[in-house]
Amino acid sequence: MSDSPEVPDLAAAAPFTAADVELLERRCLHQGFFRLEALQLRHRLFEGGWSGTMTREVHRRHDAVGVLLYDVERDAVVLVEQFRAGALDDPVSPWKLEVVAGLVERGELPAEVARREAMEEAGASVGELIELHAYYPSPGACDERVTLFCGLVDSEGLGGVHGLDEEHEDIRVHVLPFVRAWELLQAGRLDNAMCLIALHWLAAERASLRARR
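Model, not experiment: these values are computed from the prediction. (Residues numbered from 1 in each chain as written. Predicted model: local features only at pLDDT ≥ 70, side-chain atom pairs only at ≥ 80, totals over all residues. Heavy atoms only, no water.)

Caption draft 1: Inspection of the packing of aromatic side chains at higher detail. A full pass over the atoms with the stated rule returns four aromatic pairs. When the ring of Phe33 is compared with that of Phe34, the centres are 4.7 Å apart and the planes differ by 70°; the resulting orientation is edge-to-face. A relative accessible area of 25% means that Phe34 is categorised as partly exposed. With 5.9 Å between their ring centres and 20° between their planes, Phe178 and Trp182 make a pair best called stacked. On the criterion of helical spacing, the pair formed by Phe178 and Trp182 is a turn pair, its members being four residues apart in helix 2 (residues 178–186). Lying over the aromatic face of Trp50, Arg42 brings its terminal NZ or CZ to 4.5 Å of the ring centre. (Phe/Tyr/Trp six-rings, centres within 6.5 Å; stacked < 30°, edge-to-face > 60°. Buried < 20%, exposed > 50% of the residue type's maximum accessible area, 1.4 Å probe, protein only. Helix = DSSP H or I, 4+ residues; strand = E, 2+ residues; numbered from the N terminus. Lys NZ or Arg CZ within 6 Å of the ring centre and 35° of its normal.)

As structure tokens, this is what we get:
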């Protein structure tokens, strides 16, 4: 007889939904470029009944798109570098190497945003666009949902500084051999979720992408 704990069948269990949450109050604490709300709520419990009333602060923002630009012919990735206020206290630098990214405005499709941001931030025209994942980076505190892509590009001639003046963007473009980008990842230099997820996906799929040439 096995002493191993029984693994629950998540597929068979009836999932909780938004109907299993009672929202008692929604209050705006701050409205700027992003919105901060205080929610009073309670929710159903796994073992039955309801939780006590709790207060949770939620950072509400637009959904976002990230796109890793990859040149199959040159086996190179295109990354962008820019100042990030959230990393101001980073022990190395608040300038971060990232994949191209942008916010989804009302009525836009994520794929449209990926192509637009690739041109605005890197001057790159995307050919094939491959959707990788859609995920919540920090669902305990933020409602943002990210859709992540890999965009196939010709990196010849890419580089320089890009971005929109009205959005105070100052974005430097780097074209790196994949092996160099992977070295930076392993050294801890690529330390944001979009970049980590996208490059790990590319590490697994790179051979098959290159075999399609």
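Caption draft 2: Inspection of the nonpolar core at higher detail. By size, the foremost hydrophobic cluster in this structure holds 30 residues, and its most contacted members are Val77, Leu199 and Leu202. Of all the secondary-structure elements, those providing two or more residues to this core are strand 4 (64–71), strand 5 (76–83), strand 7 (100–103), strand 8 (129–135), strand 9 (146–152), helix 2 and helix 3 (193–211). At seven residues, helix 3 tops the list of elements feeding residues into this core. Setting aside anything within four residues of it in sequence, one finds Leu199 in contact with Leu68, Val77, Phe178, Trp182, Leu185 and Leu190. One finds Val78, Ala114, Val126 and Val153 within the second-largest nonpolar core, a separate group that totals 19 residues. (Core = buried A, V, L, I, M, F, W, Y, C linked by side-chain atoms within 4.5 Å. Contact = heavy atoms within 4.5 Å.)

Caption draft 3: Representation of the layout of surface pockets. In this model, the largest pocket occupies a volume close to 1300 Å³. Lining the largest pocket are 39 residues, and of these Phe34, Arg61, Gln82, Arg84 and Leu103 sit closest to its centre. Sorting the residues of the lining of the largest pocket by element identifies strand 4, strand 5, strand 6 (95–98), strand 7, helix 1 (110–122) and helix 3 as the ones contributing at least two each. Per element, the largest residue contribution to the lining of the largest pocket is four residues, and it comes from helix 1. Considered class by class, the residues forming the lining of the largest pocket number 18 nonpolar, seven polar and 14 charged. The volume enclosed by the second largest pocket comes to roughly 350 Å³. What lines the second largest pocket is a set of 15 residues, and nearest its centre among them are Leu39, Leu41, Arg56, Val58 and Pro139. When contributions to the lining of the second largest pocket are tallied by element, the ones reaching two or more residues are strand 1 (21–31), strand 2 (35–43) and strand 3 (54–60). Residue contributions to the lining of the second largest pocket peak at four residues, all from strand 3. (1 Å grid on protein atoms, 1.4 Å probe; cavity = no way out; pocket = protein on both sides within 12 Å on 5 of 7 lines; lining within 4 Å. Points joined across faces, edges and corners; volume = space filled by probe spheres on them. Nonpolar A, V, L, I, M, F, W, Y, C, P; charged D, E, K, R; others polar.)

Caption draft 4: Highlighting the packing of helix 2 against helix 3. Remark: helix 2 packs on helix 3, axes separated minimally by 11 Å, with the N-to-C direction vectors making an angle of 135°. Regarding the angle of helix 2 to helix 3, the classification is oblique. Handedness of the helix 2/helix 3 crossing: left-handed. Contact residues: Phe178, Val179, Trp182 and Leu185 in helix 2; Leu196, Leu199, His200, Leu202, Ala203 and Arg206 in helix 3. Among the residues making up the contact of helix 2 with helix 3, the classes are represented as eight nonpolar, one polar and one charged. (Axes fitted to C-alpha atoms, helices over the stretch in contact; angles between N-to-C directions. Parallel < 35°, antiparallel > 145°, perpendicular 65-115°, else oblique. Left-handed = near helix turned anticlockwise from the far one by under 90°.)

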